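Okay, here's what each chain looks like letter by letter:
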Amino acid sequence: MKQYLQMLINKESLSQEEMKDVATALFREDISDSEMAGFLIALKAKGETPDEITGLVEVLRQHALPFTNQYPGVMDNCGTGGDGSQSFNISTTSAFVIAGAGIKVAKHGNRSVSSKTGSADVLELLGVNLELPVAYSEELLQDIGITFLYAPHVQPRVKRIMKVRRDLKIPTIFNLIGPLTNPVELEYQLLGLYERKYLTLFADVLRRLGRKRAVVVNGEGFMDEASLQGENHVAVLENGQISNLIFTAEEVGLQSASNDAIKGGDAKDNADILLNVLKGKYGPHRDAVLLNAGLGIYAGAKAATVKEGVEIARESIDSGHAYATLQALIEKSQKLEVVG
């Protein structure tokens, strides 16, 4: 650890294999909290590279609960959080719209960290069992097309690292890589970032992690979601190539609205918003979900354009498929808990 720490202090980047060595060491009991903190700060001060992020993510995934089965076409649409927008749970709501459109979704998430309410808080309130065994989570994914992976449950060994991260009280690499640590082998991904400067870098990391197609987005106001308010900056990974585009809600057939119009509240408020959207209520909340679910459907290769993805998302809601998917997840996760 001392050797690698000195390299970072000297502004030398680590190779992917060197980063895997460091990441493996972070799980050892003889590594002190001070060494962990020093490493995270030095890495942040130098600036993270794709090799370093990929190496760290690979080790974190190795220490997660094992998902051994392969699910062709599965995706995640998790964002980093940390944008300070206080928006309702857009990606969580969008996950049911994406799944309702026929794309398998392994939704990775956590409780609230930087916002009022995290995905786990809302889904737990709605009745979703957060801590099912891996086999049951896989059964949900196979049978109803969606499962929720509660980060502390599927990655139990990172608890100490997370404590150090919280104690530092400054953003580190761990504030950005949560969406990359999904233990399921994903083919597709929509990843929201609050740091616009990292769009292409994270698209490169997703390429290294083997995604067939992926979209990394930062919205107007530096949201970690696509925004109705103005320009959305996007990096698209397809066939190993990365391209960039900028689009607005109006360009994909939706009305513009301010970021203030999609603010949420506590878990009860956000659960009500989620239910209203999936039941078809019109307004900015619905449009924000159509935009982000449409972008996810595009990322999942079910639409040739974002605009086409928005139309498929609209059909998922209006047909009742999205709401039915939520109900199926609630009911089956509860039944599996009883059986277990």
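Residues numbered from 1 in each chain as written. Predicted model: local features only at pLDDT ≥ 70, side-chain atom pairs only at ≥ 80, totals over all residues. Heavy atoms only, no water.

Caption draft 1: Representation of the overall build of the chain. Regarding its fold elements, the chain presents 14 helices and seven strands. Computed over its C-alpha atoms, the radius of gyration of the chain comes to 19 Å, within 12% of the 20 Å expected for a compact globule of 340 residues. If you line up the chain on its principal axes, its C-alpha atoms span 60 × 50 × 35 Å. Burial analysis of the chain (340 residues in total) assigns 57% to the buried set. In the chain, the share of contacts with a sequence separation of at least 24, taken over all contacts with a separation of at least 6, comes to 73%. Across the chain, the centroid of the 35 positively charged side chains sits 2 Å from that of the 43 negatively charged ones. (Helix = DSSP H or I, 4+ residues; strand = E, 2+ residues; numbered from the N terminus. Rg over C-alpha atoms; globule rule 2.2 N^0.38 Å. Buried < 20%, exposed > 50% of the residue type's maximum accessible area, 1.4 Å probe, protein only. Contact = heavy atoms within 4.5 Å. Lys, Arg positive; Asp, Glu negative; His and termini not counted. Charge placed at Lys NZ, Arg CZ, Asp CG, Glu CD.)

Caption draft 2: Structural view of helix α1 (residues 2-9). All of the buried residues in α1 are Y4, M7 and L8. The buried residues of α1 occupy one face: seen down the axis, they fall within an arc of 95°. Relative to its buried face, α1 has exposed residues pointing more than 90 degrees away, namely K2, Q3 and I9. Tucked into the core, α1 has its buried residues touching α2 (16-25), α3 (33-46) and α4 (50-62). A positive backbone phi angle near 65° is found at K11, which sits one or two residues after α1. (Arc of directions from axis to C-beta.)

Caption draft 3: Summary view of the pairing of strand β4 (residues 188-192). Counting buried positions over the five residues of β4 gives five, a clear majority of the element. Residues of β4 alternate between two faces, with Y188, L190 and G192 on one and Q189 and L191 on the opposite face, all of them buried. Where strand β1 (residues 75-76) meets β4, two bridges bridge the pair, whose relative direction is parallel. In the sheet register, D76 faces β4, and the bridge partner there is Q189. Bridge analysis of β4 against strand β5 (residues 213-218) gives five bridges, and the strand direction is parallel. Paired with Q189 across the strands is A214, a residue of β5. (Pairing = 2+ DSSP bridges.)

Caption draft 4: Inspection of the side chain of H233 at higher detail. As for its position among the elements, H233 is in strand β6 (residues 232-238). Of the polar contacts made by the side chain of H233, one reaches the side chain of R196; its length is 3.3 Å. Not counting residues within four places of it along the chain, the set of residues in contact with H233 comprises R196, L199, V216, V217, N218, L245 and I246. (Polar contact = N/O pair within 3.5 Å; in protein donor to acceptor, adjacent residues only side chain to side chain.)

Caption draft 5: Structural context of unusual backbone geometry. Here K11, not a glycine, exhibits a phi torsion of approximately 65°, which is positive. Structurally, the position occupied by K11 is in the loop between α1 and α2. A positive phi angle is found at K169, which is not glycine, with a value near 60°. Here K169 is to be found in the loop between α9 (159-168) and β4.

Caption draft 6: Up close: empty space enclosed by the protein. Taken as a whole and judged by the stated rule, the model has two cavities of 30 Å³ or more. Considering only enclosed or pocket space, the largest cavity measures out at about 60 Å³ in volume. What lines the largest cavity is simply N77, C78, G79, I90, S91, S94, L190, G192, V217, D224, E225 and N292. Taken together, the elements giving at least two residues each to the lining of the largest cavity come down to α5 (90-100) and β4. (1 Å grid on protein atoms, 1.4 Å probe; cavity = no way out; pocket = protein on both sides within 12 Å on 5 of 7 lines; lining within 4 Å. Points joined across faces, edges and corners; volume = space filled by probe spheres on them.)

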